[in-house]
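# Residue-level structural notes
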Amino acid sequence: CEGGDHVRLTQPVEIEAQELAAFRAMAPLRVLSVDAPPMARYDRRKDQHSGIGVDVLCFITQRLGLRYEILQPQDLTVAEKIRQVQDGRADVLIPLSENAERAERGLFTRPFYESHYAVIARKGWRPEIRGMADLAPFRVGVIKGVAFEALLNEVVAADRLMAFDDISSAGLFQALRNGVVDVAVFSKSIFDEKRYLHEYFDLEVVHTLHDAPRAYGFYFNPSPSNQRIVQAFNRHLAVLDLSGAVAAHEDGERQFIERYVAQRSQHLFWQMAVGAAVLLVLVLFLALRRYHRMLLRLAQSNEQILLQQHALEQANQELRKLSQTDGLTGLANRRQFDHALLREHARQQRTGSPLSLLMTDLDHFKYVNDHYGHAIGDDYLRTVARVLQTSVPRVTDLAARYGGEEFICLLPDTSAEDAHMLAERIRQGVSELGLPNALADGGRLTVSVGVATLEGGHSSAAQLLAQADEQLYAAKRAGRDRVHGVVLR
Ligand SMILES: Nc1nc2c(ncn2[C@@H]2O[C@H](COP(=O)(O)OP(=O)(O)OP(=O)(O)O)[C@@H](O)[C@H]2O)c(=O)[nH]1
């Protein structure tokens, strides 16, 4: 009952102890409230009633020792609420202005507040209205059942006066907007609040009807106990100083502007916050998508690089192989042989294991070329190469084309005896091919083989090679188609 603090008495009011006891013994008053700021206002969010009427009710009931409960506002019209008080379903209604019909069926206290009606029109349109009488030519909208309706009936013709349902009063203001009525007559203080509450900024008060003020009081059910209460209320209302309560509640418009501005800025803030959040999410999404695409492109180019690298390695391998291979026969070329000879010679020097060389030369090959042609000569060379390759099958052995029609075999860990045997196998193998060579003995292609084996001592690789060559020529001199060998120790 904080609002009761706004109310004072200008003179003391005596309450007899007996009267007080009777009030205390009474059931709580069932109070109905009408939405009529600044007298009564219901805040749905806080589920709280406030206003000048509520302060006065609170102040007086507290002094009288009366209890009360404000009934939950149902969606009832003012007329229906009035009926509930008249029927005894509620004890009192706040606030209500007096008219004869209401006074007949209920009890009014003295009025505690005076209010005014306003003429409202669409913004920018200023009809010439200075008082009630000026309303006559217009189509006037009013809320159904208000006491003021009776006064309007006297001024405005029935076909120009339209009454609207009062539960939300939205219908009246919509009619004004649509041009169904020219002006609306409505409580000024309530409109001041509704203007901000429902953003009726396209409507405005064009005139306040000071010539027809309405006085508001409490409206009681006329039961005997309520009659005593009304008397006690009236004794207080006669000497009540309401200036504090009026100051606290009458500036409804200012309060609503402040609340409206606060709400709007909060709304704006959230709108901006949501906008910023949406923007941020969008930016993040785009950045992520871009990052993802970049990763994808990076992975693709990495794959491309790996493929290129692989192809390059293969090409290098191919080149390396080509640089070490004889193009005609597919055997190792002289370059590869020279490397291998140096390596195996060094090993022989370290380990002392025997190292043999076989130098093979085709006999009377010039004749083959001259008589059968170069192409056949090439075929002979390739065939002899195959014989060489199959005759020295160890992985450590190396058969190479040494020059024109000269071949050489490098045989690590091979004794002079074994080397000789291999040389014989080659010689025999070629002879058994039976390739025609008319100039050779027996009319078939033969080869001569020189063998040199290093079994000890410090002869160089070049010396070993020279010795193999020497043995080859010795074989040639001795009549060809034979093997000659030497051992270096
Ligand atoms: N078809 C062909 N012939 C080659 C190749 N390289 C060398 N020659 C030929 O091989 C022949 C070697 O002849 P010579 O060195 O006179 O010896 P030869 O006729 O084999 O007689 P001897 O070695 O004394 O038995 C030459 O006619 C070269 O042109 C080649 O790659 N292909």
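On a predicted model such as this, the values are computed, not experimentally measured, just so you know.

### Some words on the pattern of salt bridges
This structure, assessed with the given rule, holds 21 salt bridges. A salt bridge links D91 to R30; the shortest N-O distance between them is 3.1 Å. Highlighted residues: D91 in the loop between α3 (78-87) and β6 (92-97) and R30 in strand β2 (residues 29-33), separated in sequence by 61 residues. Residue D91 is classed as buried on the basis of its relative accessible area, which comes to 11%. Notably, a salt bridge pairs E344 with R347, separated by 3.0 Å at the nearest N-O pair. Of this pair, E344 and R347 both sit in helix α11 (residues 334-351), 3 residues apart, roughly one helical turn. We classify E344 as buried; its relative accessible area is 11%. Judged by relative accessible area, which is 26%, R347 ranks as partly exposed. One network of salt bridges, in which partners are shared, links R343, E344, R347 and D413.

### Some words on the side chain of S431
As for its position among the elements, S431 is in helix α14 (residues 416-433). Note on S431: relative accessible area 14%, which makes it buried.

### With respect to the layout of surface pockets
Its volume calculated, the largest pocket comes out at about 1,300 Å³. Around the largest pocket, the lining is made up of 49 residues, and of these D35, A36, I167, I190 and K194 lie nearest the centre. Sorting the residues of the lining of the largest pocket by element identifies β3 (41-43), α3, β6, β11 (183-187), α7 (188-197) and α10 (252-323) as the ones contributing at least two each. With 5 residues, α7 is the largest single contributor of residues to the lining of the largest pocket. Taken together, the residues of the lining of the largest pocket break down into 25 nonpolar, 11 polar and 13 charged. Counted as a void, the second largest pocket has a volume near 390 Å³. Lining the second largest pocket are 18 residues, and of these E2, G3, H49, S50 and D55 lie nearest its centre. Counting only elements with at least two residues in the lining of the second largest pocket, the list comes to β4 (48-50), α2 (52-64), β5 (68-70) and α9 (243-249). Partitioning the lining of the second largest pocket into residue classes produces 6 nonpolar, 9 polar and 3 charged.

Cut-offs applied
- Residues numbered from 1 in each chain as written.
- Predicted model: local features only at pLDDT ≥ 70, side-chain atom pairs only at ≥ 80, totals over all residues.
- Heavy atoms only, no water.
- Salt bridge = Lys/Arg side-chain N within 4 Å of Asp/Glu carboxyl O.
- Helix = DSSP H or I, 4+ residues; strand = E, 2+ residues; numbered from the N terminus.
- Buried < 20%, exposed > 50% of the residue type's maximum accessible area, 1.4 Å probe, protein only.
- 1 Å grid on protein atoms, 1.4 Å probe; cavity = no way out; pocket = protein on both sides within 12 Å on 5 of 7 lines; lining within 4 Å.
- Points joined across faces, edges and corners; volume = space filled by probe spheres on them.
- Nonpolar A, V, L, I, M, F, W, Y, C, P; charged D, E, K, R; others polar.

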